[in-house]
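The lines below spell out each chain.
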Amino acid sequence: MQVLMFLLKRFGWMIVTVWIVFTISFFLMRHIPGGPLNGERVLSEAVRARLEARYNLDAPLSEQYFTHLWNTMRLDFGPSFKLQDYTVNEVLAQGLPVSAALGILGMVFAISIGMTSGVISAVRRNSVYDYSFMLLATLGIAIPNFVLAAMLIVIFVFNLQMFPAAGWGDLNQIILPAFCLGAPFAGYIARLTRTGMLEVLGNDYIRTAYAKGLSPRTVVLKHGLRGALLPVVSYLGPAIAGILTGSLVLERIFVIPGMGSHFIEAAIQRDYTLAMGALLTYTVLLFVMNTMVDLAYSIIDPRVKLE
Amino acid sequence: MEFHTDSGVVRAVNRVSFDLSPGETLGIVGESGSGKSVTNLAVLGLIAQPPGKIAGGSVQYDGQELLELDQRQWQQIRGKKIAMIFQDPMTALNPFLTVEEQLIEVTMLHLGLGRTEASQHAVQLLQKVGIPAAEKRIRDYPHQFSGGMRQRVMIAMAISCQPDILIADEPTTALDVTIQAQILELMKSMQEEFGTAIIFITHDLGVVASTCDRVMVMYAGQKVEQATTRELFNQPRHPYTIGLLNSAPRWDQSDEQLQAIDGQPPDLLNLPAGCSFHPRCQFVQDECLQEIPPLVTLNGDPPRQHACLRDLSTCKGGEPG
Ligand SMILES: Nc1ncnc2c1ncn2[C@@H]1O[C@H](COP(=O)(O)OP(=O)(O)OP(=O)(O)O)[C@@H](O)[C@H]1O
Ligand SMILES: [Mg+2]
């Protein structure tokens with residue numbers, strides 16, 4: 001019941017946010033000099049008029065706004081300006097799953113590598129493991145992902161020839177970009193887990209757990225990990241946003257046909273409809289992810305009330 | 001037992017020894033910071049190292065030297081043979097796990113119970129310690145319990161495997177008087193049924209008088225006196241014990257006669273020379289400033305001990321004889 005109320009409330013907020021994002025970007029895009037039809041080619045008057053009619057650009061701005069808003073509410077983002085044979089929905093349907101796969105795998109890398117090394121570092125504090133993991137974590141955070149990508153391509157693609165350099169469709173082709181995408185977040189998560197774990201292990205209830213005769217393994221994983229998880233879960237919200245933007249860059253480097261290239265192209269070429277479709281999709285995605293993070297937080301910590 | 005802190009080495013417990021036979025209750029009294037908890041944490045090997053360090057000593061249970069146990073052997077002792085009720089019920093329970101989970105993991109581990117069996121057992125334990133609607137409350141989390149109820153959960157947890165030794169660190173401080181009496185009664189009946197030996201740490205001399213066979217008095221991390229409860233109350237031999245007795249409310253005294261012990265508890269980083277109690281002692285003599293009083297053992301059954309250079313045997317709370 002409580003969860004349902006929470007989800008409904010979040011959904012309401014999401015609708016409001018999406019509408020605000022829509023409105024601001026609608027007018028912003030049309031205020032920036034240049035339009036979708038000012039390309040390299042100079043169009044004849046007749047062609048221009050026909051295109052403007054097709055994209056509804058000849059109507060007054062307010063009418064354009066309401067038509068576009070109405071269509072958007074029906075989840076119809078309209079035809080793309082630049083990819084003229086496709087609707088925006090088709091472009092999204094093709095690009096989103098690719099980006100999602102990359103993002104999810106990057107996140108899985110970040111969480112699994114980050115948490116494991118964080119826990120080991122905390123339990124074996126000041127050991128060789130601790131120092132090496134924390135050094136790697138710092139490197140992961142400090143090195144920009146395009147530099148990391150370049151280094152890994154040199155090592156694994158050219159020298160070891162373990163992975164193909166670019167492209168999409170094969171499991172082999174997703175590992176390297178997903179790793180580059182997840183690396184800085186793995187670093188942050190490792191540090192957060194280590195700090196969180198050390199703090200938790202100093203608690204009285206950990207001593208109680210030992211006094212019961214539980215093994216160190218049970219104490220750390222059953223009694224310690226939950227508390228140490230909380231700062232990591234809070235960080236997942238910003239991390240997901242970071243993964244979304246990070247994937248824009250990496251898709252370019254590894255020539256992956258995801259949302260990234262469309263997003264950037266659409267913004268540069270004033271593809272109003274595609275840019276709007278991508279922007280709103282990302283807004284919804286972030287909202288959904290953050291709601292899931294809050295839900296997870298309240299499941300882990302029973303003292304937290306959803307609101 | 002030392003703590004290596006940034007400001008120096010704290011000798012939290014020094015020259016403390018005691019023994020315990022089955023079915024016996026030993027009281028440990030002393031003011032805050034005198035090392036009662038640290039002593040008993042050391043018995044269970046629960047002092048975090050660092051900053052703690054057991055610089056020397058011995059803890060024996062059933063012919064076994066506990067300080068030499070490895071992790072696996074400790075797991076067989078803790079919770080099963082020697083269990084502990086911790087002082088602060090607000091922080092000693094895990095906030096992320098239900099009370100049920102925290103109760104059943106002990107009996108599943110040590111008694112080999114299955115989940116449902118352990119769960120029924122846990123409900124019975126909670127009923128025993130006086131938690132109403134135990135079948136329902138067991139699925140709650142610690143934050144849904146009051147301080148006193150959490151303390152009772154702690155107690156249920158500690159007695160769940162019928163340990164040989166139960167260390168109770170101020171187990172009834174957070175409870176009101178009726179519940180306190182119930183808990184003491186419960187511990188007593190368990191003691192009679194299973195021959196449990198109990199180490200009872202408390203500030204409350206009234207509780208000591210009604211529950212303990214013997215008492216050890218601690219001051220500044222050291223044992224200053226040990227005697228049977230009767231002897232200690234009738235004929236205290238250490239000035240600190242005398243002070244404690246005089247500062248405790250008693251049924252046969254009016255409030256005006258209560259006297260607090262003058263002065264501040266000592267700074268363990270910077271103990272006074274000689275007897276560490278001398279700055280606060282009403283019987284202080286010149287030699288107390290130089291000489292550390294040895295622990296004197298007097299014959300008797302059982303023998304009693306005290307660490308004072310003066311013979312206070314004939315005095316009773318007043319002037320030295
Ligand atoms: N982790 C630690 N680091 C440094 N000093 C410590 C640590 N734990 C305890 N001590 C010191 O050891 C001394 C004894 O503490 P202890 O907790 O045993 O007192 P206590 O007699 O149980 O007091 P109380 O009645 O308040 O529970 C105190 O002076 C305390 O400051
Ligand atoms: Mg204490």
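Residues numbered from 1 in each chain as written. Chains lettered and ligands numbered in written order. Predicted model: local features only at pLDDT ≥ 70, side-chain atom pairs only at ≥ 80, totals over all residues. Heavy atoms only, no water.

S.K.: A description of the overall build of chain A should follow, citing residues and the corresponding values.
M.R.: For chain A, the helix and strand inventory stands at 11 helices and 0 strands. When the backbone C-alpha atoms are referred to their principal axes, chain A occupies close to 85 × 55 × 30 Å. Burial analysis of chain A (307 residues in total) assigns 44% to the buried set. For chain A, the proportion of contacts with a sequence separation of at least 24, taken over those separated by at least 6, is 74%. Surface exposure of chain A reaches about 15,900 Å², of which carbon and sulfur atoms provide 68%. Each charge sign in chain A was given a centre, from 22 positive and 18 negative side chains, and these centres are 12 Å apart. (Helix = DSSP H or I, 4+ residues; strand = E, 2+ residues; numbered from the N terminus. Buried < 20%, exposed > 50% of the residue type's maximum accessible area, 1.4 Å probe, protein only. Contact = heavy atoms within 4.5 Å. Areas by Shrake-Rupley, 256 points an atom, 1.4 Å probe, with all protein chains shown as cover. Lys, Arg positive; Asp, Glu negative; His and termini not counted. Charge placed at Lys NZ, Arg CZ, Asp CG, Glu CD.)

S.K.: I'd like a description of unusual backbone geometry, backed by residues and values.
M.R.: Positive phi is not limited to glycine here, since Val255(A) has a value of about 50 degrees. For Glu170(B), which is not a glycine, the phi torsion comes out positive at approximately 45 degrees. Residue placement: Glu170(B) occurs in the loop between β8 (165-169) and α7 (177-194).

S.K.: Quick rundown of the packing of aromatic side chains? Include the residues and the values.
M.R.: Residue and element names in this part refer to chain A. Under the counting rule described, the total for this entry stands at 13 aromatic pairs over all chains. Ring centres 5.7 Å apart and planes at 50 degrees place the aromatic pair phenylalanine 22 and tyrosine 65 in the tilted group. Of this pair, phenylalanine 22 sits in helix α1 (residues 2-31) while tyrosine 65 sits in helix α3 (residues 61-73); the two residues are 43 residues apart in sequence, bridging distant segments of the chain. Side by side, phenylalanine 22 and tyrosine 65 carry an identical accessibility label, which is buried. Ring centres of phenylalanine 109 and phenylalanine 179 lie 6.1 Å apart, and the angle between their planes is 75 degrees; this geometry places the pair in the edge-to-face category. Placement of phenylalanine 109 in helix α4 (residues 88-123) and of phenylalanine 179 in helix α7 (residues 171-201) is noted, with a sequence separation of 70 residues between them. Under the relative-accessibility criterion, phenylalanine 109 is labelled partly exposed at 22%. (Phe/Tyr/Trp six-rings, centres within 6.5 Å; stacked < 30°, edge-to-face > 60°.)

S.K.: Pulling in residues and values, what's your account of the coordination of the magnesium ion (ligand 2)?
M.R.: All names here are of chain B. Donor atoms from the polypeptide that coordinate the magnesium ion (ligand 2) comprise Ser37 (OG) and Gln87 (OE1), at 1.9 to 2.2 Å from the metal. Of this pair, serine 37 sits in helix α1 (residues 36-43) while glutamine 87 sits in the loop between β7 (82-85) and α3 (99-110), and the two are 50 residues apart along the sequence. Note on glutamine 87: relative accessible area 37%, which makes it partly exposed. (Donors = N, O, S within 2.8 Å, 3.2 Å for Na, K, Ca; no water.)

S.K.: Got a sec to walk through the pairing of strand β1 (residues 2-5) of chain B? Specific residues and values, please.
M.R.: All names here are of chain B. Here β1 pairs with strand β2 (residues 8-11) via 4 bridges, running antiparallel. In the sheet register, histidine 4 faces β2, and the bridge partner there is valine 9. Hairpin geometry of β1 and β2 is characterised by an intervening segment of 2 residues between the two adjacent antiparallel strands. Relative to strand β4 (residues 52-53), β1 runs antiparallel, the two being bridged by 2 bridges. Within β4, the position partnered with phenylalanine 3 by the bridge is glycine 52. (Pairing = 2+ DSSP bridges.)

S.K.: Tell me about the sheet that holds β2(B), and please be specific about residues and values.
M.R.: Sheet architecture is open: 3 strands sit in the order β2-β1-β4 (chain B), paired in antiparallel fashion. Bordering the open sheet on either side are β2 and β4 of chain B, each of which pairs with just one other strand.

S.K.: Explain the confidence of the model for chain B to me, and be specific about the residues and the numbers.
M.R.: Caution applies to low-pLDDT parts of the model: their predicted coordinates are not meant to be read in detail. Residues and elements named next belong to chain B. Residues of chain B with pLDDT of at least 70 account for 94%, and the chain-wide mean is 85. Taken as a whole, residues 317-321 scores under 50 in pLDDT and shows 11 contacts with residues more than four places along the chain or in a different chain. Both scores are given for the predicted complex: the pTM is 0.84, the ipTM 0.88. (pLDDT = per-residue confidence, 0-100.)

S.K.: Outline helix α9 (residues 216-253) of chain A, listing residues and values.
M.R.: Residues and elements named next belong to chain A. Here α9 spans only 45 Å end to end across 38 residues, well under the 56 Å set by a 1.5 Å rise per residue. At leucine 225, α9 shows its strongest bend, of approximately 50 degrees. Backbone geometry just downstream of α9 places valine 255 in the positive-phi region, at approximately 50 degrees. (Expected span 1.5 Å × (residues − 1). Bend = angle between axes of the 7 residues up to and from the residue.)

S.K.: Tell me about the interface of chain A and chain B, and please be specific about residues and values.
M.R.: The figure often quoted for interface size is the accessible area lost as the parts come together. Of the residues lining the interface, 20 residues belong to chain A; the matching set on chain B comes to 26 residues. Around 2,100 Å² of area is buried between chain A and chain B when both sides are counted, 63% of it from carbon and sulfur atoms. The tally of links between chain A and chain B comes to 3 salt bridges. Between Lys222(A) and Glu101(B) there is a salt bridge, and its shortest N-O distance comes to 2.6 Å. When contributions to the side of chain A that touches chain B are tallied by element, the ones reaching two or more residues are α8 (204-211) and α9 of chain A. Among the residues forming the side of chain A that touches chain B, the class breakdown is 8 nonpolar, 5 polar and 7 charged. (Buried area = accessible area lost by both parts, 1.4 Å probe. Salt bridge = Lys/Arg side-chain N within 4 Å of Asp/Glu carboxyl O. Nonpolar A, V, L, I, M, F, W, Y, C, P; charged D, E, K, R; others polar.)

S.K.: Break down the site of ligand 1 for me, citing the residues and quoting the values.
M.R.: Residue and element names in this part refer to chain B. Around ligand 1 lies a shell of 15 residues, among which Ser32, Lys36, Ser37, Val38 and Gln87 are the nearest. The separation between an oxygen atom of ligand 1 and a polar main-chain atom of glycine 33 is 2.9 Å. Measuring from an oxygen atom of ligand 1, one finds a backbone N or O atom of valine 38 at 2.8 Å. Mapped onto the shell around ligand 1, the elements with two or more residues apiece are β1 and α1. In terms of residue count, the dominant contributor to the shell around ligand 1 is α1 (3 residues). The residue inventory of the shell around ligand 1, partitioned by class, reads 4 nonpolar, 8 polar and 3 charged. (Near = heavy atom within 4 Å. Polar contact = N/O pair within 3.5 Å; in protein donor to acceptor, adjacent residues only side chain to side chain.)

S.K.: Mind laying out the pairing of strand β10 (residues 214-219) of chain B, listing which residues take part and the relevant values?
M.R.: Consecutive side chains along a regular strand alternate between the two faces of the sheet. Residue and element names in this part refer to chain B. With 6 of 6 residues buried, β10 is to be regarded as a mostly interior element. Burial of the side chains of β10 extends over both faces: Arg214, Met216 and Met218 are buried on one face and Val215, Val217 and Tyr219 on the other. Both strand β3 (residues 25-29) and β10 contribute to a ladder of 4 bridges, which runs parallel. Residue pairing in the sheet places isoleucine 28 in a bridge with methionine 216 of β10. Relative to strand β11 (residues 222-228), β10 is paired through 6 bridges, and the arrangement is antiparallel. Bridge pairing links arginine 214 to threonine 228 in β11.

S.K.: Which residues make up the pattern of salt bridges, and what values do they have?
M.R.: When the charged atoms of two side chains lie near each other, side chains of opposite charge can form a pair. Overall, the coordinates contain 14 salt bridges over all chains when judged by the stated rule. Here Glu105(B) and Lys222(A) are joined by a salt bridge, their closest N and O atoms 2.8 Å apart. Note that Glu105(B) is positioned in helix α3 and Lys222(A) in helix α9, a pairing that runs across two chains. Taking relative accessible area as the criterion, Glu105(B) reaches 6% and is therefore assigned buried. Its salt-bridge partner being Arg214(B), residue Asp19(B) comes within 3.4 Å of it at the nearest N-O pair.

S.K.: Help me get a handle on the side chain of Ser99(A), residues and values and all.
M.R.: Residues and elements named next belong to chain A. Structurally, serine 99 is set in helix α4. By relative accessible area, serine 99 is classed as buried at 8%. A polar atom in the side chain of serine 99 sits 2.6 Å from the side chain of glutamate 251. Contacts of serine 99, omitting those with residues within four sequence positions, involve Glu251, Gly258, Met259 and Gly260.

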